[in-house]
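# Analysis of the macromolecular model
Listed here are the chains, written in short residue letters.
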Amino acid sequence: MGSSAKRKKEKQKDFQKPKLKVGKAKAKPDNFTDTSFKSKGIVLNQQSLRVAAPSSDTQFTHYLSLLSSKSDSQRRDSLAHLTTSISSRPVDTPLPQPVSVILPSLLPLLLDASNNVRTQLLKLFRTLPSTDIQDHVPQILPYIRAGMTHLAADIRVSAVDILSWLVEVAGSEVVSCAGGWIKTMNCFLSVLGWHTEESTKWSSNRASFGKSGTQGRPMIRVLLALAEFLNAGIGRPDPDVEMEAEEGADGASNWDFPLCQSSQHMVPLSAAPYAYLNLFGQPRDEEGEMYETREDRFRVFSSRFRGAVERGLENARKEGGETGRASSSATKVLKDAIAYGPGP
Amino acid sequence: MVKRKLGALEKVEADLPNLQHKIKRDPKSYVEDFRAQHYQYESHREIFMAAPSSATDNGVISLRDLIDFISHVADCYPDITKDFPQQLIDMLMQHHLTLEPELREKIVGSLVLLRKKELLDSATLLNTLFPILISTPSKTLRLFLFQKILSDIRTANSKTTNHKLNRTMQTVLFNLVTSDRTSSKGLWAIKLTRELWKRQIWTEAKAVEVIKEASLSDNEKVIVGGVRFFLGGDKDREEAEDESSDEETVDIGRVKHAYGKNKKTRKNARTVEKAKASMKKKERKKGQPQLLNFSALHLLHDPQGFAESLFSKHLQGTKSNLNLEQKLLVLQLVSRLVGLHKLQIMQLYSYFQKYLTPRQPSVTSFLASLAQASHDLVPPDALEPLVQKIANEFVSEASASEVATAGLNAIREICARQPLAIDETLLQDLVMYRKSKDKGVVMGARGLLSLYRDVGAEMLKKRDRGKEAAMSLRAGERKEKRFGEQEAGGIEGLELLEQHKEEERRNKRREQGLPSDGEDENEEDDEEANWAAWNVEDDEDSDDSGGWINVESDGEIEMSESDDEKDEHPAKKAKQENGEEKENEANSNEAKEKKPSLATTRILTPADLAKLAELRSQASSTSTLPKSKRGKPQAPGTRHNDDPLTAEEIEGLAALSAGKQTREERIAHARQGNPDRAEHKSVTAKRKEKKQAEGKSTTNKEKARKKNFFMTLGKAKGKGKRSLVETRRVLKAHQERQKRGGRRANGR
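No experiment lies behind these values; they were computed from the predicted model shown. Once a new chain begins, its residue numbering starts again from 1 and follows that chain's sequence as written. Here the convention is simple: chains get letters from A, ligands get numbers from 1, in the order in which they are written. Where totals are concerned, whole chains, interfaces and linings use all residues; where local detail is concerned, this predicted model gives features only for residues with pLDDT of at least 70, and gives and counts side-chain atom pairs only at 80 or more.

### Side note on the overall build of chain B
- In DSSP terms, a helix is any run of H or I states spanning at least four residues, a strand is any run of E spanning at least two, and both are numbered starting from the N terminus. Along the backbone of chain B there are 36 helices and zero strands.
- Two residues qualify as being in contact provided that their C-beta atoms, derived from the backbone, are within 7 Å of each other. Pairs at least 24 residues apart make up 71% of the contacts formed inside chain B by residues separated by at least 6 positions.

Structure (structure tokens):
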């Protein structure tokens, strides 16, 4: 409605440029709010001034708590700090915190969105003493499996890396703990896309959902990890280990005559010897069952997975290149295992 | 923990909704990806089950997202997800106390979704949700669960009534109520039943049985809930029905008109389509037969037993710890049951004895209950002392006018139901109060008087009986009604039909030139014709008087029957016939007394029945009454048997007593009569508003008046500079135009 000259002028005003002058302060805008204030002194409520630096133990706990921080770099840095503090501790001293305390805050980081955090996490895992890890395999495995089936390809690959580390450190526990054999095998098949007849026919760029990830060559790593896993699960038992076991038995059988096979009657050496009874957990189904002996595992493998794995390996071999080479190592393990059969 | 903010890259990499979308479009190709996500869900579930309470957001994807995802696409892979519903149920049943609220809600929502996808049956779902509903301490969860349960039952019953599900659910509720009578968990049963009753999903006796058990429980809340259901459940239902029929009344003509004028957009087109669709739906609904639903009070199996146990448990016993308000509710229910089903609970009347004093709090409710509890099968001996007590305590010159009014009204209501409850002297005493100065008291006494003119005129003094009653008494038409006497039933409005037939016959005879009375030889032919016209549609006779509607007389002046008949055929006839006719009428009146009713002499044809319905509706039609009389409540005698009697009716006009109200109160009271009266305005303004509301445009005059002044300036300037010739031309043209009727020649 602005037809009158007065209104026009009013409108014009809004668009006029404020004139700036050299040597003079800029004019304050209309809506300027004065936030300055005067005070005789500023008091900080909480101030922790100490002469002594915090002990390494407190620092360790502090950094442990920072693992659930929101910023990526904070999590990565605190992981790095934990790594150095664990690796640089004097030989034969216990960890600043027991593994059972550290692990619950570490495990969710397996599924962390940031690549750097996960690589740093693997580094930290490598510094942990393997004997401590062996007792906590059932705790770690669900996270690894969740990582292996994650939508993000990067997380899948790093989960496979961590699995291969775990197999290396505690191979027998990984394959024999509850759900460790069938469920993990299933995850492998799903990562490789070998589940069904049809899906193996796809070439390497099958219609998989999600980005391929930034780390490249995921297939090779997965194949290598599969080879290690199969080796731990159904590979030909190492003669040295058997010898050792026999020696142990011999050591026990040095006892007097009526006491034979006394090691069977002794208190077992493993941490959770009666885990297979599943006294306190949920009832398990076939997939979640423990398969403690190689014989069991081989039976399950040959009934459930052998066809799919052989088919998949064959296809991978045909692809050639590095993938083919990686597949050949897995094939070798498989052939050995089949040649060995269900066991002696 | 605050949810972690996702970066853009992360979102792309872990985009479950995207995968979900793709799976829905092509389930076969993405089976591997789904399997991977299912494994992921399994491992997350494992992690969760290991430590249910400490479940937090794990990285980019949480268990919640996975559950959501899987439940959305579960119908694409039934073999992979066959355990999924059971897993969710287990998770919820075992850990609902410790679950994180969001996850808990998600699980419930997913279960409902699975139910919608038919992967889970209603019974399982309800068996899962209901126990949690009554046991969880979380208010939000309870609310959520209640909604879900309700909506599930509604959808299960949407197409056809799912009797099986309803029965199981009602059994569950019944067991809930009866298993532990002291707990307040029965409230959920009441809440659910009431809601479903209101929506007319549950209308069976079994639901009523649940509430019946609830009102016999030991917990006050449950008792009150149950009693309130009986007292107000049916009203709820009616209101809900009204609401649903009221909603979205779109004027299709207007919408179409607007669409013709306005810009044609797709959105507008859709509105028109929608309006048409809703119109059609409504038409179809109109065509459907009305469902007949019984009130909860009628569906009770054993009203006598129920009323007795209610009375002895909550009112009579000294053990019940209900407060007065709750007791009143129970009393209302008991007395309604007694009045409605004509039950016999003799202790009830002596129970009233001690509450009938003016000092008793909310005594009007007690009076109303007493009136409700009296019916014609109550022995007068039980009621007489009560009436006497009311008269003594309430109605006297010394008591306040409100008190006297309440007493008189209560006595009238009792006597309307059981006229033998009062003796002659007391009645005559009470009737004398019609000379009182207070309006309320006068109205009360007059009510009593007019009631007894109808039901027992011989008990009144001779001069109070009134003309009609006195005449009929003298003629011996009225007989005193004995205790327990029942009237024989008949077809409602049959005498109207009889009258109509008679009239028709006379008209016919008059056309033929015969005396209007006397034997009719053609009658049998007529009857045959009637049978031939078995179909209602073919019956043209009934159209004769179709356009006419009998006007109901105002009620104040009663015209005698013979006058009526005289009016019907006015002075067409010759004067000499008049004498004859009077004789004839007298004859016919006598004949009517003796003649057996129409129903006993002949079979009514459908045409007859249609005519009967028409006559009945005409007789009750009030459409021609002035507007002010239409909305008025009916006289107390005509109330329906099912309607409750309220304390307000007992208080009556006491509220109107002079000098007690301020001006504001009086205005408010006057407003109550006509609530939708708008503020005072001129007729023009009202018309204008109406036009605007209808979306019509303004007149040219108005447009001219509203025109911006500056737009008219140019023309006004030019006007002054016109030459004489020009002015003449303009004026002439204007005159011509006026004659023609405007520029557009309106009206030609």
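There is more to say, and it comes next.
### Brief notes about the overall build of chain A
- When helices and strands are counted, chain A shows 14 helices and zero strands.
- Going residue by residue from the N terminus, the α and β elements of chain A occur as α-α-α-α-α-α-α-α-α-α-α-α-α-α.
- Across the 344 residues of chain A, 29% fall into the buried class.
- Taking all contacts inside chain A whose residues are at least 6 apart in sequence as the whole, residues at least 24 apart take part in 74%. Partly exposed residues are those falling between the two cut-offs: more than 12 but fewer than 20 other C-beta atoms within 10 Å of their own, whereas 20 or more means buried and 12 or fewer means exposed, with C-beta atoms placed from the backbone.

### Details of unusual backbone geometry
- The backbone of Q200 of chain B shows a phi angle near 60 degrees, a positive value even though the residue is not glycine.
- If you trace the backbone, Q200 of chain B turns up in the loop between α10 (186-198) and α11 (205-215).

### Re helix α9 (residues 163-179) of chain B
- With 17 residues, α9 of chain B ought to run about 24 Å at 1.5 Å a step, and its terminal C-alpha atoms sit 23 Å apart, in line with that.
- Its buried side turned inward, α9 of chain B meets α7 (122-135), α8 (139-156), α10 and α11 of chain B. Expected helix span is computed as 1.5 Å times (number of residues minus one).

### Examining the confidence of the model for chain B
Residues and elements named next belong to chain B.
- Looking at any residue, its pLDDT shows the predictor's confidence there, from 0 to 100. When pLDDT is averaged across chain B, the result is 80; 79% of the residues are at 70 or more.
- Below a pLDDT of 50 lies the segment residues 553-583, which in the model reaches six contacts outside its immediate sequence neighbourhood of four places, other chains included.
- Considering only residues more than four positions removed or in separate chains, one finds that residues 622-637, a stretch of pLDDT under 50, has nine contacts.

### A few points about the packing of helix α11 (residues 218-234) of chain A against helix α13 (residues 294-319) of chain A
Residues and elements named next belong to chain A.
- Convention adopted: a line fitted to C-alpha atoms gives each axis, helices being fitted over their contacting stretch, and angles between N-to-C directions are expressed from 0 to 180 degrees. Direction vectors running N to C along α11 and α13 enclose 155 degrees, while the axes themselves pass 11 Å from each other. Here α11 is positioned roughly antiparallel relative to α13, judged by the angle of their axes. Crossing of α11 against α13: the hand is left-handed. Between α11 and α13, the residues in contact are L223, G233 and I234 and R294, R297, F298, F301 and A316, respectively.
- Under the grouping applied here, Gly and all other residues not named as nonpolar or charged are polar, the nonpolar ones being Ala, Val, Leu, Ile, Met, Phe, Trp, Tyr, Cys and Pro and the charged ones Asp, Glu, Lys and Arg. Taken together, the residues that form the contact of α11 with α13 break down as five nonpolar, one polar and two charged. What sets the label is the angle itself: under 35 degrees gives roughly parallel, over 145 gives roughly antiparallel, 65 to 115 gives roughly perpendicular, and the rest give oblique. Crossing chirality is assigned from the near helix's rotation relative to the far helix, an anticlockwise turn below a right angle marking it left-handed and a clockwise turn marking it right-handed.

### A closer look at the environment of M290 of chain A
Residues and elements named next belong to chain A.
- Mapped onto the fold, M290 is located in the loop between α12 (239-253) and α13.
- C-beta crowding within 10 Å serves as the criterion here: with 19 such atoms nearby, M290 is assigned to the partly exposed category.
- For the pair M290 and L277, spaced 13 residues apart in the sequence, the C-alpha separation amounts to 9.7 Å.
- For M290, the residues in contact, after removing those within four places along its chain, are S176, C177, A178 and Y276.

### Structural notes on the nonpolar core
- By definition, a nonpolar core groups buried Ala, Val, Leu, Ile, Met, Phe, Trp, Tyr and Cys residues that are joined through C-beta atoms within 7 Å. With 184 residues, the main nonpolar core has I144 of chain A together with V334 and I411 of chain B as its most contacted residues.
- For this core, the element with the most residues is helix α8 (residues 153-176) of chain A, which contributes 11 residues.
- Excluding residues that lie within four positions of it along the chain, I411 of chain B makes contacts with V387, I390, A391, I422, L430 and L448 of chain B.

### Structural notes on the packing of helix α18 (residues 363-373) of chain B against helix α20 (residues 401-417) of chain B
Residues and elements named next belong to chain B.
- For the pair α18 and α20, interaxial distance at closest approach is 8 Å and the crossing angle is 15 degrees. Classified by the interaxial angle, the pair formed by α18 and α20 is roughly parallel. Helix-helix and strand crossings are classified by hand; for α18 and α20 the assignment is right-handed. Facing T364, L367, L370 and A371 of α18, the residues of α20 in contact are A406, A410, E413, I414 and R417.
- The class makeup of the residues in the contact of α18 with α20 is six nonpolar, one polar and two charged.

### Details of the confidence of the model for chain A
All names here are of chain A.
- Across chain A, the average pLDDT comes to 79, with 85% of residues at 70 or higher.
- Looking at the elements of chain A, mean pLDDT is at its lowest for α12, recorded as 49, and at its highest for helix α5 (residues 115-127), recorded as 91.
- Here residues 203-211 is modelled with pLDDT under 50, and outside its nearest four sequence neighbours on either side it reaches 18 contacts, counting other chains as well.

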